[in-house]
Amino acid sequence: MTGFCPEPSDDVAEVRDWVHAFARDVIRPAGAEWDEREETPWPVIQEAAKIGLYSLDFFATQWFEESGLALPVAFEEIFWGDAGIGLSIVGTGLAAAALAANGTPDQMGEWLPQMFGTENDVKLGAFCASEPDAGSDVGAIRTRAVRDGGDWVLDGVKTWATNGGIANVHVVVASVDPSLGTRGQASFVIPPGTPGLSMGQKFRKHGIRASHTAEVVLDGVRVPGSCLLGGEEKLEARLARVRNGERAGEQAAMRTFETTRPSVAAMAVGIARAAFEYARDYAREREQFGRKIGENQAIAFLLAEMATRVDMARLLTWRAAWMARNGRQFSQAEGSMSKLVAGETAVWVTEQAIQILGGAGYTREHPVERFHRDAKIYTIFEGTSEIQRLIIGRAVTGLPVR
């Protein structure tokens with residue numbers, strides 16, 4: 001097995017340049033409009049589908065690229081363009097990752113294509129784990145899945161679901177045995193048009209406004225046994241091990257989040273890089289007291305720190321992605337490290353970009369205020385910064401940190 005090389009291959013670099021061109025020419029010019037509209041940017045998703053960027057083939061090809069860098073490199077470019085539109089384009093990927101992490105080959109073959117659709121008939125997927133009273137505490141999930149003959153019946157409310165309610169295919173984490181906590185949970189595919197699934201409240205957000213976020217209500221949602229990811233036999237074997245006091249393996253939602261953390265970190269890196277580059281270019285042109293503001297040490301030193309932190313976050317992200325792709329265990333919670341550092345970096349860098357632009361940076365005349373609003377969610381969703389520190393703390397001490 002080769003070691004980690006912090007440099008993308010020629011093939012990955014070629015895809016990076018292709019995605020960057022789309023982000024530059026299509027995504028970025030549309031960012032402000034769809035942020036203001038707070039609506040799903042269907043025309044941009046359609047354009048992405050036409051060139052093959054929004055497609056199962058693209059996501060699968062990048063996911064299985066041997067270095068593990070292809071997907072985070074592509075995500076960085078997309079989110080460099082705009083985070084709200086970017087999440088609308090890649091949001092289906094979380095549901096796809098949940099299916100890939102927990103499903104059987106037959107289930108993947110049936111449902112993955114239905115999550116993306118075709119270039120002429122675009123579809124979406126949604127992953128539904130969080131609940132109103134169970135955000136980071138997945139052990140508090142109350143959505144129940146109860147057997148009824150050969151079917152399962154699901155009841156509950158999910159929240160903070162990207163594409164929730166407007167997706168064609170939903171993947172839902174539910175409790176099948178509440179007495180076992182997280183170890184008694186399983187994931188289910190809810191097929192298109194299943195009665196009982198509806199959209200609840202659509203959230204109006206501080207940032208990533210072009211990405212649809214909503215509650216998903218499950219009221220007597222009946223699905224066949226074939227919609228239980230992994231199948232009945234695997235679930236029964238896992239529950240039996242738990243009841244006998246044995247290890248059951250990773251919990252369904254946590255397995256999905258751990259798989260996607262480097263990709264989420266790459267999104268934050270893209271936002272941070274966009275803010276740094278905009279502030280750098282502004283400092284090269286803006287004059288005060290007869291010289292470019294970038295000639296002042298206060299500004300130059302700040303830009304130096306911003307550039308360093310962006311590179312640091314990127315390298316941690318690439319290392320985690322490479323480890324995941326090459327089967328290296330996250331013995332020091334490297335996936336959480338990448339998410340923690342990238343999210344915190346995005347918030348800090350975008351704030352400094354506003355500072356460099358001064359009053360102009362606080363207005364919507366420049367995109368850095370939007371970058372800052374978009375960045376904040378990366379210290380919150382898919383595991384808050386506090387949760388990442390908890391995971392890392394447990395890993396590095398070997399103690400049950402609470």
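The name given to the chain in an unreviewed UniProt entry is Alkylation response protein AidB-like acyl-CoA dehydrogenase, and the organism recorded there is Nonomuraea jabiensis. Its UniProt record gives the chain the following Sequence similarities (unreviewed entry) comment, quoted word for word: "Belongs to the acyl-CoA dehydrogenase family."

(A) Spatial organisation of helix H10 (residues 297-325). Over its 29 residues, H10 runs 42 Å from end to end, which matches the ideal 42 Å to within 8%, given 1.5 Å per residue. Note on H10: the residue one or two positions beyond its end, Gly-327, has a positive phi of about 70°.

(B) A look at the side chain of Glu-76. Counting through the fold element by element, Glu-76 comes out in helix H4 (residues 70-81). Taking relative accessible area as the criterion, Glu-76 reaches 4% and is therefore assigned buried. At a separation of 2.8 Å, a polar atom in the side chain of Glu-76 contacts the side chain of Arg-314. The residues contacting Glu-76, other than those within four sequence positions of it, are Ala-266, Val-269, Gly-270, Arg-273 and Arg-314.

(C) Highlighting the pairing of strand S4 (residues 144-148). Taken together, the five bridges between S4 and strand S5 (residues 151-162) define a ladder with antiparallel strand orientation. Paired with Asp-148 across the bridge in S5 is Asp-151. Linking S4 to S5, which pair antiparallel, is a turn of two residues; within it Gly-149 sits at a positive phi near 65°.

(D) Up close: the packing of helix H2 (residues 42-50) against helix H5 (residues 83-90). Put simply, H2 and H5 touch, their axes get as near as 10 Å, and they point 55° apart. As far as their axial angle goes, H5 and H2 are oblique. Remark: the crossing between H2 and H5 carries right-handed chirality. Residue-level inspection shows Val-44, Ile-45 and Ala-48 of H2 in contact with H5, the latter providing Ile-85, Ser-88 and Ile-89. Each residue belonging to the contact of H2 with H5 can be placed in one class, and the counts come to five nonpolar, one polar and no charged.

(E) Structural context of the side chain of Thr-345. Along the chain, Thr-345 falls in helix H11 (residues 334-357). Judged by relative accessible area, which is 5%, Thr-345 ranks as buried. A polar atom in the side chain of Thr-345 sits 2.7 Å from the backbone oxygen of Val-341. Leave out the neighbours within four places in its chain, and Thr-345 touches Ala-272, Arg-309, Val-310 and Ala-313.

(F) Spotlight on the nonpolar core. In this structure, Ile-89, Leu-154 and Phe-188 are the most contacted members of the largest nonpolar core, which totals 105 residues. The leading source of residues in this core is helix H9 (residues 252-285), at 14 residues. For Ile-89, the residues in contact, after removing those within four places along its chain, are Phe-22, Ile-27, Val-44, Ile-45, Ala-48, Tyr-54 and Phe-59. Val-12, Ala-70, Val-73 and Trp-318 belong to the second-largest nonpolar core, a separate cluster that totals five residues.

(G) The arrangement of the UniProt feature "domain: Acyl-CoA dehydrogenase/oxidase N-terminal" (unreviewed entry) in the chain in detail. Those places that UniProt annotates as "domain: Acyl-CoA dehydrogenase/oxidase N-terminal" (unreviewed entry) correspond, in this numbering, to residues 10-116. Its end C-alpha atoms 27 Å apart, residues 10-116 is made of 82% helix and 0% strand.

(H) Seen up close, the environment of Leu-235. Position of Leu-235 relative to the elements: it lies in helix H8 (residues 232-243). With 51 residues separating them in the primary sequence, Leu-235 and Gly-184 have C-alpha atoms 9.1 Å apart. In this structure, Leu-235 is in contact with Arg-147, Trp-152, Val-176, Ala-186 and Leu-228, ignoring residues within four places of it in sequence.

(I) Spatial organisation of unusual backbone geometry. Phi angles above zero are rare outside glycine, and Ile-208 is one such case at about 40°. Among the secondary structure elements, Ile-208 is positioned in the loop between strand S8 (197-202) and strand S9 (213-224). Assessed through its relative accessible area of 5%, Ile-208 is described here as buried. In this structure, Ala-333 takes a positive phi of about 60° despite not being glycine. Within the fold, Ala-333 resides in the loop between H10 and H11. What makes Ala-333 buried here is its relative accessible area of 5%.

(J) How the structure looks around the packing of helix H1 (residues 10-37) against H4. Packing of H1 against H4 brings their axes to within 8 Å, and their N-to-C directions diverge by 20°. With respect to their mutual orientation, H1 and H4 come out roughly parallel. For the pair H1 and H4, the sense of crossing is right-handed. In contact with Val-12, Arg-16, Val-19, His-20, Ala-23, Arg-24, Ile-27 and Arg-28 of H1, H4 contributes Ala-70, Val-73, Ala-74, Glu-77, Ile-78, Trp-80 and Gly-81. Residues of the contact of H1 with H4, tallied by class, amount to nine nonpolar, two polar and four charged.

Thresholds applied
Residues numbered from 1 in each chain as written. Predicted model: local features only at pLDDT ≥ 70, side-chain atom pairs only at ≥ 80, totals over all residues. Heavy atoms only, no water. UniProt positions renumbered as here; feature names shortened; annotations may be inferred. Helix = DSSP H or I, 4+ residues; strand = E, 2+ residues; numbered from the N terminus. Expected span 1.5 Å × (residues − 1). Buried < 20%, exposed > 50% of the residue type's maximum accessible area, 1.4 Å probe, protein only. Polar contact = N/O pair within 3.5 Å; in protein donor to acceptor, adjacent residues only side chain to side chain. Contact = heavy atoms within 4.5 Å. Pairing = 2+ DSSP bridges. Axes fitted to C-alpha atoms, helices over the stretch in contact; angles between N-to-C directions. Parallel < 35°, antiparallel > 145°, perpendicular 65-115°, else oblique. Left-handed = near helix turned anticlockwise from the far one by under 90°. Nonpolar A, V, L, I, M, F, W, Y, C, P; charged D, E, K, R; others polar. Core = buried A, V, L, I, M, F, W, Y, C linked by side-chain atoms within 4.5 Å.

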